[in-house]
Every structure is written in structure tokens, then in C-alpha cells.
Amino acid sequence: MCGIAGILNLTGEPVDPCLPRRMIERLRHRGPDGVGYYADAGVGLGHARLSILDLAGGHQPMSNEDQSLWITFNGEIFNYVELREELVRRGHQFATRSDTEVILHAYEEYGEACVRHFNGQWAFAIWDTRARTLFLSRDRLGVRPLFYRASREQFAFASEIKSILALPGVPREIDPIALDQIFTFWVSLLPPGHSMTVDGGVVTVKRYWEPRFATTTNGAHSEDYYADALRDLLRDATRLRLRSDVPVGAYLSGGLDSTVITALIRQCSDVELRTFSITFDDPEFDESAFQREATRFLQTDHQEVRCSYADIGRVFPDMIWHTEKPVLRTAPAPLFLLSKLVRDHQYKVVLTGEGSDEILGGYDIFKEAKIRRFWSAQPDSRLRPTLLKRLYPYLPNLQNQSSAYLQAFFHVGSQDTADPFFSHVPRWELTARSKTFFSDAVRAETEGYDGYAELRTMLPADYHRWDPFCQAQHLETGHLLPGYILSSQGDRMAMAHSVEGRFPFLDYRVVEFAAGLAPSLKMKVLDEKHLLKRCAKDLIPPSVRARSKQPYRAPDGKSFFHSARPGYVDELLAPERVRKDGLFHPQAVAKLAQKFREGKAIGIKDNMALTGILSTQLLVDQYITHFGERDSHD
Amino acid sequence: MTNYELELRQFIVENFLFGKEDAPLANGDSLLELGIIDSTGVLELVSFLEQKYGFTIQDEELVPENLDSIDRLVQFVRRKAEIAA
């Protein structure tokens, strides 16, 4: 896993050799094992390397035999062994054992369609010296990041925004519309499953893959048949992801997904397996009992990091430096500590259970939408609302609500069940409440913006014909997975400590298989991840298989307002500071902070608002006010 | 403006709107429809009413008919106070 960056001067002017170096310096946490550069007329490519495959031969930027193509690549092509054999049969000659060289030869052989042959997680750029074109691509699900900025004179790309912001002339300003979407700067992100070409100053972006959550199985076979097929696919996805020239570990949360992956690693490899977990001081969030049970059952060498309120508050600023955008939850912070634990044990690669909840139907929001739809058919029912209380046993505030209030909170009867966003509207509206803290200036700039309308234009053409369960899966997999789970909680937290995450559930074969399954195989009545549980039989401890899902969460407000409050909290929330930064309403923020100081803020809404405001204020502090002062190697 | 109305308005504006009224909150405005109150908000409101006015609110009284606007809250508090007296 690595960091990549590059510049293409569209005027043909030579690239100042200092610039790719400056960009790569900002990415050294992604690739501490070495750096490399390539320069051609008007082009500069850079690479920071984390050596995982072909430790001796995989230096980058790398060229083909006649040096007509140059690549800088971040990621892994897991099926590179099979692709290499095929390319050798077609007459290609290889100088290294690396997957990087396989990309180059695949590009020679298949052109831009080469990406359809890859099973992996990637972001890369290939400079074609003859055609003088730059081809860039990002993996199907958006595991690896690829940011870019195109102006009339220059096209620049990088693994992280901070690298592009290191270039002269790039404005370090918060984009109000982006803030409305919980993004930040005037830098674009190549969407998952897309490639782009820069040719003579013209930038063309094309989609090459999209998951279609349209049922294709129609129950033609038994549940066991599908469970066996899923297990075989997952096992192969795991086997491919164990390809590495350095040891591979696993994250183990104590839930179904990571325990299944750990069990499959045990089946694929005889090597001693090391697993890593987060535990919490606060029992509301702690899953250590299940983690220990899984490690005993699977006999792994287990390491854990214990996380307190103070720990989260302490690392939150560093976490924001890496997320590069505001967050509404502190959940990435413990993952920041976890990747440090991995690195401290000299591991660079971990397999995790990420992606399972999206593709196999694990999230509460899927269940919630099903119950809301069921209740909406009989809004006066007295029994149907009780299902919602059963759904959220970990949210005590919901347990004491009357049916009338539950009906209002979950939009039962008031929202058209044919709404394309039916599943997500209550949650998005709750999130949007944080925007009431925007300053008058930001509200004026975002007034005409309609995020729903924009999202509607991005839906697949036949989306309205899909089963509602599949529609909800599309929203999670296509937007929230790459936009938060794989980025703020995924790539950015792992790479902060030079750790590569690999996700068997996001092997495109597994995703396509799951996307075609009937919804009833994913959620049978209200049994989430039904098929995965069936395929996990005999693989994992029965208690882990039977437990009800506990979503991964971390304490929010308490991490900033506990007995020893981090110094930056009062500083960044002070009215004069909020007024100076200009994004939020100073008095409203002061009253919110006071509510937390008095211990009266207990709800999700207040906690999200606080975390969102603090993270945005930290972004302003780190990326606008003091950008040049931060050590590049941090 | 009655005392009840003043006190309830102040609590709602301070606690849920953080002193920031985009448009003046009318006495008949629905707290639910305006998104002012969520599941935690109901409990905060109930806790405030019980502490401030010294009565107990039964589960069956936790309905929007009693709590969803300043007008309804005033009437509800008045009724409860009369019963207590």
C-alpha cells in the first residue's frame, strides 16, 4: 500500500521537480519504505512505498520494457498471479514479480478495459509517453482514494487531499456546498468504479463498473446451495487476499463478519495468525467478551488496545488530519489507535470484515426500513411499533417512547413508501439537524442546494423497479461505504500508521453474487445476514453466530467533556474563535458546549452536532490556519 | 404572555434551538414537524416539566397531543397543575 501523486502541466511547461517531492512528502505515512519519482516533459509522477509484494523489485514509478508507459500505483491486484500467466501466454515479458508490472502489461494488452480484469483495490495513474495521455483508475468499491484537481493550466492527482493542497496556487478554503455534504475542499474525488483520461487538456471520466442490486436468483436453489456458494466465494476471496511477502493479520471485532474472515484465514493458511481488537472502558461499547471467545475458538495470537474517553479526545485532532473532512462521529478514532497497535507489532497488512453489512444486509437501517414499511401499511397498529423498540435495544431513549412519537420519528404514515430514499430519509434528516448550527453566511451560500435532487440524478436507470431492500443496499454500498466507512474509518485510519486493510467481502465476485441474491436470503423476516449466518455454521463460535448485531460505535461527547477535557475543545468552541472562522453560529455553539459541560446533552442529535462542529473547526485550524506548520511525516 | 408560556418557550429555544430561532417560533408550531424535537428531546422535555413543575407524567401522557407545541404544553401544564392543586 502506498501514496501516489502527480502533476501534468497542460501548457507543456516542465514540472518543477520540487513539486512532486513536496506532494509525496505529505504522503509519507502511506509509504514509509521508500520514495521514487519520474519526470518527463510537462509531467511529474511520485510514489511513496509501503513494501508488501516483491520487496526487492517493486520500485515505483515503474515503466514497461521500452519505457513508453510509466505507472504510479497504490493498492493491490490480488489476481496478479493468474493475470501474469495469461499475459505471458500472450507474449508479454516481465522483469519483476510485482502486481504493478502486471497492470502495465494488462494496459498494453487490453487498453483502458484492463481494469475489468483486475480483482483488487487500486488507485493508479499511467502516463503514456507516446500518446501523451494520462490514464487514472480507481477500484470498483472505492477502497483506495484518488483525488484530483484540474485547472486550465494543470492537472494534479494524489492519494490524499493534503498532497494536492501542498501545491502553490491551490486554494485552501472550505467549500460551503461541500460542507453541506460533509466534504470539504475544492478538490474532486474520482468515484469508485470509474476511470479517467486526461488528453490534451480534456478530462474524461467513465464508469466501468457498478453493483446492480437486482435479484437474479429468484430462489431457484435451496438456501444451503446459496450458503455453500457464498462460503466458497468468500474462501477464495480470503485466499487471494493472503498473497503477501510480509505477514498478514486480521481485525477481530467480536462480531459475525470479522470472525468469519478470521475463520476462513485459518482454513486457508497454516501460519500462526495474529488478530487485533479494540476494547472500551465504557461497557456500552465494549465487545471484548465476544472477541476473547472468538480468539479462543480460532486459536489466534491476540492483541488488544483499550480505549478510554481520554484516548479518543487525545487522538481526535490527529484523526481529523487524516480524515481530511468533518465527521459526525468519533468512531474512526479507536480505529486510529488500532492501526497503531498493528504497526507496533510490525504488521503491515490486515484482513477485516468490512463490506459485509452493506452487501449481505446487516445494518439496522435495512431492518428499520422494513419495519417502517410494514407499520406504514397499518399506521394505527399498536403492535407493529413494538418491533422498532426491539430493533434498538442499545438506544434506551427509544424504549420509553409512545407509539405516537415513534410514528413521528420514523415517518410512519407521513412518508411516501415509494420515495426512492424511503429507507434513509429519517436518518438523513436527523443528520441534517446539525446544519442549524451553520453561520448565517454559510446558510446563505447553501440555501439553494438540494442534496436529494443531486443524489436522484445519480441513481441507476432502473432503480425505481428494484426491491426496496435492494434500493437501501444501493444507497449504503454506493455512497456511504466509499464516503465514510472505507475512507474516514478505513483507508485513512489504517494508512495513518502505514497499515493496509484488505476486505474479502468486497471482492467484486462476492459483491456481484450478493447483489443478485433475493432479499429474503439476506434478511429473512427480521434475521439480518441470514445467509452469512448459515454459511458460518461450524466456522465460528455458536455464541458469536447467534448474537444480535451490535453496530460499531464509540463514545462521542463524553470523549470531549469528561473529567480531563482536551485543551483544544474550549479553544475551538470559544465564541470569538467560532466567529473568526466564520462557519458556525457562535452563540448557538456556546450553548451547545454549555449543555455538554452540564452533562445534559445525551441525545444522538447533540452528539453529532458537537462532533461535526469540533471536527470542522479542527480542519480549519489544521488545513487553513496552520497548514504549513504541521510536520509532513506526522 | 403567561409565565408558563414564557418558561416553556425559553426552555425550548435555549435547549433545542440553542438560542437560534431561524424564524420566531409560533405558539402553535409543531415541534415534531419542525424537527426541533427527537426521541431524546421528548425525554429532556419531560424531565424539565417534572423538575420545574413538580408533577409526574404518566407514560400514556407522552403523546404529541400534550407536548407538540408551546400552546399544547401550556394547556397540559395548566391541567396537571390544577389536578395537583
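Residues numbered from 1 in each chain as written. Chains lettered and ligands numbered in written order. Predicted model: local features only at pLDDT ≥ 70, side-chain atom pairs only at ≥ 80, totals over all residues. Heavy atoms only, no water.

(A) Summary view of the interface of chain B and chain A. Chain B puts 23 residues into the contact, and the matching count from chain A is 28 residues. Taken together, chain B and chain A are joined by two salt bridges. Across the pair glutamate 14 of chain B and lysine 591 of chain A runs a salt bridge whose closest N-O atoms are separated by 3.0 Å. Between the two partners, chain B and chain A, sit 10 residue pairs in polar contact (both at pLDDT 80 or more). (Contact = heavy atoms within 4.5 Å. Salt bridge = Lys/Arg side-chain N within 4 Å of Asp/Glu carboxyl O. Polar contact = N/O pair within 3.5 Å; in protein donor to acceptor, adjacent residues only side chain to side chain.)

(B) Structural detail: the pattern of salt bridges. Residues and elements named next belong to chain A. Going through the model one piece at a time under the given rule, you end up with 52 salt bridges over all chains. For arginine 90, the salt bridge is made with glutamate 86, and the minimal N-O distance between the two is 2.7 Å. The shortest N-O distance in the salt bridge between glutamate 210 and arginine 207 comes to 3.4 Å. Since its relative accessible area comes to 43%, arginine 207 is described here as partly exposed. Linked by salt bridges that have partners in common, Arg30, Arg144, Glu160, Lys162, Glu324, Asp491 and Arg492 make up one network. (Buried < 20%, exposed > 50% of the residue type's maximum accessible area, 1.4 Å probe, protein only.)

(C) Seen up close, the domain arrangement of chain A. Residues and elements named next belong to chain A. Here chain A is partitioned into domain 1 (2-207), domain 2 (210-434 + 455-557) and domain 3 (558-629). Centre-to-centre, using C-alpha coordinates, domain 1 lies 30 Å away from domain 2. Opposite the 39 residues of domain 1 that make contact, domain 2 presents 36 residues. In total, about 3200 Å² of surface goes out of reach between domain 1 and domain 2, with carbon and sulfur atoms giving 56% of it. For the pair domain 1 and domain 2, the number of links is eight salt bridges. With a closest N to O distance of 2.7 Å, glutamate 82 and arginine 243 form a salt bridge. Between domain 1 and domain 2 we count 17 residue pairs in polar contact (both at pLDDT 80 or more) in total. When contributions to the side of domain 1 that touches domain 2 are tallied by element, the ones reaching two or more residues are α2 (80-89) and α4 (161-165). For the side of domain 1 that touches domain 2, the element with the highest residue contribution is α2, accounting for three residues. Of the residues that constitute the side of domain 1 that touches domain 2, the class distribution is 20 nonpolar, seven polar and 12 charged. (Domains from an automatic or database assignment. Buried area = accessible area lost by both parts, 1.4 Å probe. Helix = DSSP H or I, 4+ residues; strand = E, 2+ residues; numbered from the N terminus. Nonpolar A, V, L, I, M, F, W, Y, C, P; charged D, E, K, R; others polar.)

(D) Quick peek at empty space enclosed by the protein. Residue and element names in this part refer to chain A. Following the criterion strictly, the structure yields three cavities of 30 Å³ or more and no others. The computed volume of the largest cavity comes to approximately 110 Å³. Lining of the largest cavity is provided by 15 residues; of these, Arg49, Leu53, Gln60, Asp99 and Thr100 occupy positions nearest its centre. Mapped by element, the contributors of at least two residues to the lining of the largest cavity are β5 (69-77) and α3 (99-110). Counting residues per element, the lining of the largest cavity draws most heavily on β5, at three residues. Residues of the lining of the largest cavity, tallied by class, amount to six nonpolar, six polar and three charged. In this model, the second largest cavity occupies a volume close to 80 Å³. Contributing to the lining of the second largest cavity are Asn119, Gly120, Gln121, Asp139, Arg140, Leu141, Val143, Arg241, Phe503, Leu506, Asp507 and Tyr508. Along the lines of polarity and charge, the residues of the lining of the second largest cavity split into five nonpolar, three polar and four charged. Built from parts of two domains, the lining of the second largest cavity gets at least three residues from each of domain 1 (2-207) and domain 2 (210-434 + 455-557). (1 Å grid on protein atoms, 1.4 Å probe; cavity = no way out; pocket = protein on both sides within 12 Å on 5 of 7 lines; lining within 4 Å. Points joined across faces, edges and corners; volume = space filled by probe spheres on them.)

(E) Quick peek at unusual backbone geometry. All names here are of chain A. The linkage connecting glutamine 60 with the following residue, proline 61, adopts the cis geometry, with an omega of -5°. Along the chain, the position of proline 61 falls in the loop between β3 (43-49) and β4 (62-63). In this structure, arginine 132 is a non-glycine residue whose phi angle is positive, near 55°. With respect to the helices and strands, the residue arginine 132 is situated in the loop between β6 (120-128) and β7 (133-138). On the accessibility criterion, arginine 132 (37% relative accessible area) is partly exposed. Even without a glycine there, the phi angle at histidine 411 is positive, about 55°. Note on placement: histidine 411 falls in the loop between α15 (403-409) and α16 (425-432).

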